[in-house]
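A look at the structure
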Amino acid sequence: DSHCNIMPKDKEPIFKNFNFVCVMALIVGIKIQFSEESEFTVDRSKRGLTQVPKDLPPKTTVLDMSQNHISELQFSDINFLSGLEVLILSHNRIQQLNFSVFRFNQDLEYLDLSYNQLWTISCHPVVSLKHLDLSFNNFDTLPICKEFGNSIQLDFLGLSATKLQQLDLLPIAHLHLSYILLDLNGYAVKGNEIESLRILNTKKLHLVFHPNSLFSVQLNISVNKLECLELTNLKLNDENCEVLINVLSELTRGPSLLNFTLNHVETTWKCLVTIFQFLWPKPVEYLNIYNLTIIENIRKEYFTYSKTALKSLKIEHITNRVFLFSQNVLYTVFSEMNILMLTISDTPFIHMLCPQKPSTFKFLNFTHNVFTDSIFENCSTLDRLETLILQKNGLKDLFKVGLMTKDMPSLEILDVSWNSLEFNRREENCTWVESIVVLNLSSNILSDSVFRCVPPRVTVLDLHNNRIKNIPKQITKLEALKELNIAFNYLTDLPGCGTFTSLSALIIDHNSISRELREFIKNIGQISSEVVEDWPGSYKCAYPESYKGTQLQNFHMSQLSCNTTLLVVTIGVTMLVLVVTVTFLCMYMDLPWYLRMVCQWTQTQHRARNTPLEELQRNLQFHAFISYSEHDSAWVKNELVPCLEKEDIRICLHERNFVPGKSIIENIINCIEKSYKSIFVLSPNFVQSEWCHYELYFAHHKLFHEGSDNLILILLEPISQNSIPSKYHKLKALMAKRTYLEWPTEKSKRGLFWANIRAAFNIKLALVTENNDVNT
Ligand SMILES: *[C@@H]1O[C@H](CO)[C@@H](O)[C@H](O)[C@H]1NC(C)=O
């Protein structure tokens, strides 16, 4: 029974020390245990049976027929089951039983008849019985046959009764039982009469009372050599508290009673403290209370912490029905206890006080409460504390947790798993007591920064189920670290071993590591199988689904998908080739020039298509007016004009189409106005000598705005921005925008140049002749 074997948890071996460095328990190995199938189990529970089925296999050794409606057990039902060892008939409707039905079941060891309606039994020896449960039935007096005295192997006996007599258990007094369960659910109180019962020789006695009645049992039970006492269903208030204390006085008399357990206790705070105070001088070493409800009110109760044998108090699951009270009153009783171990878990407690004087606590377990970061702040009285468990609370700041341990010089094990811990402080260094050996930080929301806040001498560090992406390279070396659990994080790479020189176990399953996994599979062949336990059989993939169950050694990943270096090199080489190609094209093939030309060509085509024809046909006589410097006239006459006229493009040249009598500028403007487009042949000469003619016109008419469709700029020779006089800001702007066509020096490129020019006139335009005839 678990309650009777309570050992301090902190003495368990904490980790297994494997003799190798940096070995990864990557995939959970599944070990199949082959249990020897010597039993033949038949399960007929919960079938709605009203009688024992007739078709039971004769070789049945274990028969479960619990939770049915069976009302009778007859000889013929089970006499052929000669190998039957275990018979479970609990939760049925059997009222009477003759033990002679078992006379052919010579091996029957375990008989469970609890929760039936038995009120009478007929006796017959069943010598082989070790476990007999007759509890939770309707017996009036204890169902004890003198034949039970023959079952010398009997270990467990479950009974129920509504009245007791001192010598009821005499027939079995000589047996050495381990466990007597006595159900006093229907126990009737008879006035002020005190009944007594002598129970000789059992290690454990478990009494179960009525769950909903106030405790009123006036009993005088005496047991020899009792080691373990358990009471279930106690409903106590300030008045009947004494009744329980009276019952306990007799029961706790023996010097061997070390374990005392209370289940389902509803009590006032005053009565609870009274029980503690009563037990304090007793020999009880382990006191457990499960499912405690505190009612009425919580007032200050005086408690004398006399010398005590009590080592451990454990309270699990407290419901507090008192809402207005001083928290300190409640917590002080616990915090000042002069015991070694205190567990208070699954309660609505929001705090625990720092003991007022140097405390005896070595082990404190406050799992699943609502403690906050202020717990044991500046507390220097817990100087003997070795284990502190604050699992499942409301802790938030790892820095404060570190600070809390500052004055706990004996602290070795700290469990703060399942909180909401983070470490966000950039500047500050964490203060940890150096004695910490095992630190459990699992199931928090810690990120990479946690490695800046770890006790320096830690040996076992559990960081599983956090948000760690990377183990930073520059963390202080954790030289003592032997076991690191970093499973269920966001790691993409294995940590380097340099930082953890003593590491012998690294648990990293459920991360996103793939490259190292490949390396691992590759290298493992070379390491002896003594180092990597159970390779390859136990290393199976668990994720992704499609690979589930595949042995790791048969799992192959593509070189590229997991090798970052290779991936980087591949990308790098591709980029390099691209850059070289582009550079080559730019330098030797003049790629930008081509791109610019093609771009302009496309734009022109687009514009030509979208401009309404009517808008163009004003009074146009020419397709184009060409303006150029005298120095460039050779090019214009030999190259440009012949080329354009070849395409039937009518051109206005100022020396050819000049109207005599008008000034040069008037002629130019006249020419511009009669032309669909104006071509300017730009060169350093042109800019210096001619541009000014047009500046004036542009200024007055604003006919051409920047990038206007009607303007074609040909750059015959490169003009540097500096050489353009600053007053010509329009030209500067146009040049800066590169809205010009460059005349290429290489012959090969000229085709595209001409195509671009032609594209500008790629339109069917009705021109008027000077006589106003329509010429198409
Ligand atoms: C840390 O705590 C978790 C539960 O909160 C537990 O499963 C785990 O085993 C603990 N780790 C260590 C090293 O004790």
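Residues numbered from 1 in each chain as written. Predicted model: local features only at pLDDT ≥ 70, side-chain atom pairs only at ≥ 80, totals over all residues. Heavy atoms only, no water.

The chain goes by Toll-like receptor in an unreviewed UniProt entry, where it is assigned to Loxodonta africana. In its Subcellular location (unreviewed entry) section, UniProt records this for the chain: "Membrane". Per UniProt, the chain has the following entry under Sequence similarities (unreviewed entry): "Belongs to the Toll-like receptor family." (UniProt positions renumbered as here; feature names shortened; annotations may be inferred.)

Quick word on the site of the ligand
Around the ligand sit Gln391, Ser417, Trp418, Asn440, Ser442, Val460 and Asp462, and that is every residue in its neighbourhood. In this structure, an oxygen atom belonging to the ligand sits 2.7 Å away from a side-chain N or O atom of serine 417. A distance of 2.7 Å is found between a nitrogen atom of the ligand and a side-chain nitrogen or oxygen belonging to aspartate 462. When the ligand is considered free in solution it has 360 Å² of accessible area, and contact with the protein chains removes 59% of it. (Near = heavy atom within 4 Å. Polar contact = N/O pair within 3.5 Å; in protein donor to acceptor, adjacent residues only side chain to side chain. Areas by Shrake-Rupley, 256 points an atom, 1.4 Å probe, with all protein chains shown as cover.)

Structural notes on the sheet that holds strand S29 (residues 740–742)
Spatially, the five strands line up as an open sheet ordered S26-S25-S27-S28-S29, and their pairing is parallel. Lying at the two open borders of the sheet, with one neighbouring strand each, are strand S26 (651–653) and S29. Mean inter-strand twist for the sheet, computed between neighbouring axes without regard to direction, equals 25°. In this structure, strand S28 (residues 711–715) lies alongside S29, joined through three bridges in parallel fashion. Looking at S29, one finds that isoleucine 714 is bridged to leucine 741. Lying on the sheet, helix H11 (residues 633–646) is in contact with strand S25 (622–627), S26, strand S27 (675–682) and S28; it crosses S27 at an angle near 150°. This element, helix H15 (residues 729–736), spans S27, S28 and S29 of the sheet and lies at about 75° to S28. (Pairing = 2+ DSSP bridges. Helix = DSSP H or I, 4+ residues; strand = E, 2+ residues; numbered from the N terminus. Axes fitted to C-alpha atoms, helices over the stretch in contact; angles between N-to-C directions. Contact = heavy atoms within 4.5 Å.)

Here's the deal with unusual backbone geometry
With a phi close to 55°, lysine 225 is a non-glycine residue in the positive phi region. With respect to the helices, strands and loops of the structure, lysine 225 is situated in the loop between strand S12 (219–223) and strand S13 (228–235).

Some points on the packing of aromatic side chains
Counted under the stated rule, the structure contains 19 aromatic pairs. An angle of 80° between the planes, with centres 5.2 Å apart, marks the rings of phenylalanine 75 and phenylalanine 104 as edge-to-face. Here phenylalanine 75 is found in helix H1 (residues 75–78), whereas its partner phenylalanine 104 is found in the loop between strand S4 (96–98) and strand S5 (110–112), with 29 residues between them in sequence. Overall, the relative accessible area of 47% leaves phenylalanine 104 in the partly exposed class. Centroid distance phenylalanine 753 to tryptophan 754: 5.1 Å. Interplanar angle 75°. Geometry classified as edge-to-face. In terms of burial, phenylalanine 753 and tryptophan 754 fall into one category: buried. One aromatic cluster is present, built from ring pairs that chain together Trp269, Phe276, Tyr331, Phe334 and Phe349. (Phe/Tyr/Trp six-rings, centres within 6.5 Å; stacked < 30°, edge-to-face > 60°. Buried < 20%, exposed > 50% of the residue type's maximum accessible area, 1.4 Å probe, protein only.)

Remarks on the side chain of threonine 232
Considering the arrangement of structural elements, one finds threonine 232 in strand S13. By relative accessible area, threonine 232 is classed as buried at 11%. A distance of 3.0 Å separates a polar atom in the side chain of threonine 232 from a polar atom in the side chain of asparagine 263. Setting aside chain neighbours within four positions, we find threonine 232 in contact with His206, Leu207, Val208, Phe209, Asn263 and His264.

A word on the pairing of strand S14 (residues 259–268)
Burial within S14 is extensive, with eight of its 10 residues counted as buried. In the sheet, S13 pairs with S14 via seven bridges, with the strands oriented parallel. Looking across to S14, one finds that lysine 235 is bridged to glutamate 266. For the crossover that starts at S13, traverses helix H2 (residues 241–251) and ends in the parallel S14, the hand is right-handed. Note that S14 and strand S15 (residues 286–295) share nine bridges and pair parallel. Each bridged residue has a counterpart across the sheet, and for glutamate 266 the counterpart in S15 is threonine 293. (Right-handed = clockwise from strand over helix to strand, strands pointing away.)

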